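Analysis of the macromolecular model
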Amino acid sequence: MKNTTQKGFTEKFMSSMSALSDKTNKYYSSKKTPGKKTLIIGFVLIILALALFSVITLIDENKNNSSSDMSEIDPAILNQSGQHLSANLIFAFTDTEKTEVLSLMSVDFNSKDKKLVYSFIYPGSLVTVNGTTSSLSGHFTAGGTNQLISAVSALTGTQYDRYIVANDNSLGQLFHLLGDTTMEIENRISYEHNGVSFIIDEGTRTLTPDMMLKYYLYLISNKDANSDKIASIIINCFERLVDCEDDTSLENNFCTAIGYFDTNISALDYSNNKEILRSLPEMNLSAHATAG
């Protein structure tokens, strides 16, 4: 919408120019032949009028463009410091005893671009850290989470500021916190391995928290073929976790969930970024996979 004051000025200016034109016509109609000097002055006045009108129009358009640019900035995706949230995170899924990494995923989140990029990293990848060459899983077994993060950073060249280490127990607790989950099952699944067995028919299915955990373990057993499905479950859990009716529920969900895992994400992260977390369900995040 154009600036009202500027618009009024423009209209008055155009009205004045019209009145001037009328007076000029009356003047010329009373004279048989205008003098050369009169013609030159009239010509100069017309040129000045056109130039001034062009300047007024340009100023008006610039104001409109500036107003439009400002309206595109969504304050809901800024944190307490007035900044966008950008975070690199490692999500590691281990065996029950937390001695071996079964699945490893890096997640790059940027609230400015509303984009979430994930990449699966092979836990058997060899990398040298502090003179010791081992697989990523081996580094975890030898030195725990800190050594795993150092090894992944050495492998990818990326510094990770947050991590989550989960196993079947902690992920099962998260599924119970979120409740039943609706999933699209492409093909009928009949699975039995290490005492875990289940059947899920194809189509849209509502899975209980216990069945959801079994389904996740099934996907992990063939993670190379199911990487997109694994990532979609993690992203779905995250989005449902923050999709709350009020701040109190959001804070309770967030703090309860991080208590299930070995993570350096804290309640302070929630406090600093709650505006961004609250707006995530409306962000329409664009999730992309990259080669791990």
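Below: a short report on this structure. Bear in mind the structure is a predicted one, so any value in this text is a computation, not a measurement.

This paragraph deals with the overall build of the chain. Secondary structure summary: the chain contains eight helices and 12 strands in total. Here the chain, with 292 residues, has 35% of them falling under the buried criterion. Considering only contacts within the chain whose residues lie at least 6 apart along the sequence, 61% involve residues at least 24 apart.

For the α-helix, the turn length of 3.6 residues means that residues three or four positions removed from each other point alike. Taking 1.5 Å of rise per residue, the 12 residues of helix H7 (residues 247–258) would be expected to cover 16 Å, and the 17 Å separating its terminal C-alpha atoms lies within 8% of that figure. Every buried residue belonging to H7 is among Leu250, Asn253, Phe254, Ala257 and Ile258, and all of these are buried. Taken end-on, H7 shows its buried residues confined to a sector of 115°, consistent with a single buried face. Its side-chain oxygen 3.1 Å from the backbone nitrogen of Thr248, Asp246 forms the N-cap of H7.

With that settled, consider the environment of Ser103. In this structure, Ser103 sits in strand E2 (residues 101–110). A sequence separation of 18 residues divides Ser103 from Ile121, and the C-alpha atoms of the two residues are 7.7 Å apart.

Here the focus is the side chain of Thr263. Considering the arrangement of structural elements, one finds Thr263 in strand E11 (residues 262–263). Among the polar contacts listed, one links the side chain of Thr263 to the backbone nitrogen of Ile265, at a separation of 3.0 Å. With residues near it in sequence (within four places) discarded, Thr263 still touches Tyr163, Ile164 and Ile258.

Further remarks concern unusual backbone geometry. Positive phi is not limited to glycine here, since Lys98 has a value of about 60°. With respect to the helices, strands and loops of the structure, Lys98 is situated in the loop between strand E1 (86–94) and E2.

The residue Thr133 is located in strand E5 (residues 132–135) in this model. With 18 residues separating them in the primary sequence, Thr133 and Ala151 have C-alpha atoms 9.6 Å apart. Residues in contact with Thr133, not counting those within four places in the same chain, are Val127 and Thr128. At 2.5 Å, the side chain of Thr133 forms a polar contact with the side chain of Thr128.

Turning our eyes to something else, we now look at the pattern of salt bridges. Applying the stated rule across the entire model yields three salt bridges. Note that Arg188 and Asp201 form a salt bridge whose closest N and O atoms lie 3.0 Å from each other. In this pair, Arg188 sits in the loop between strand E7 (181–185) and strand E8 (189–193) while Asp201 sits in the loop between strand E9 (196–200) and strand E10 (203–207), placing the two residues 13 residues apart along the sequence.

Right, let's get into the packing of aromatic side chains. The tally for this structure, following the rule as stated, stands at eight aromatic pairs. Taking 5.3 Å as the distance between ring centres and 75° as the angle between the ring planes, the aromatic pair formed by Tyr191 and Tyr218 counts as edge-to-face. Placement of the pair is Tyr191 in strand E8 and Tyr218 in helix H5 (residues 209–221), with a sequence separation of 27 residues. By relative accessible area, which is 13% here, Tyr191 ends up buried. The exposure class of Tyr218 is partly exposed, given its relative accessible area of 23%. Through pairs of rings, three or more aromatic residues link up here, namely Tyr191, Phe198, Tyr215 and Tyr218.

Cut-off values and rules
- Residues numbered from 1 in each chain as written.
- Predicted model: local features only at pLDDT ≥ 70, side-chain atom pairs only at ≥ 80, totals over all residues.
- Heavy atoms only, no water.
- Helix = DSSP H or I, 4+ residues; strand = E, 2+ residues; numbered from the N terminus.
- Buried < 20%, exposed > 50% of the residue type's maximum accessible area, 1.4 Å probe, protein only.
- Contact = heavy atoms within 4.5 Å.
- Expected span 1.5 Å × (residues − 1).
- Arc of directions from axis to C-beta.
- Polar contact = N/O pair within 3.5 Å; in protein donor to acceptor, adjacent residues only side chain to side chain.
- Salt bridge = Lys/Arg side-chain N within 4 Å of Asp/Glu carboxyl O.
- Phe/Tyr/Trp six-rings, centres within 6.5 Å; stacked < 30°, edge-to-face > 60°.

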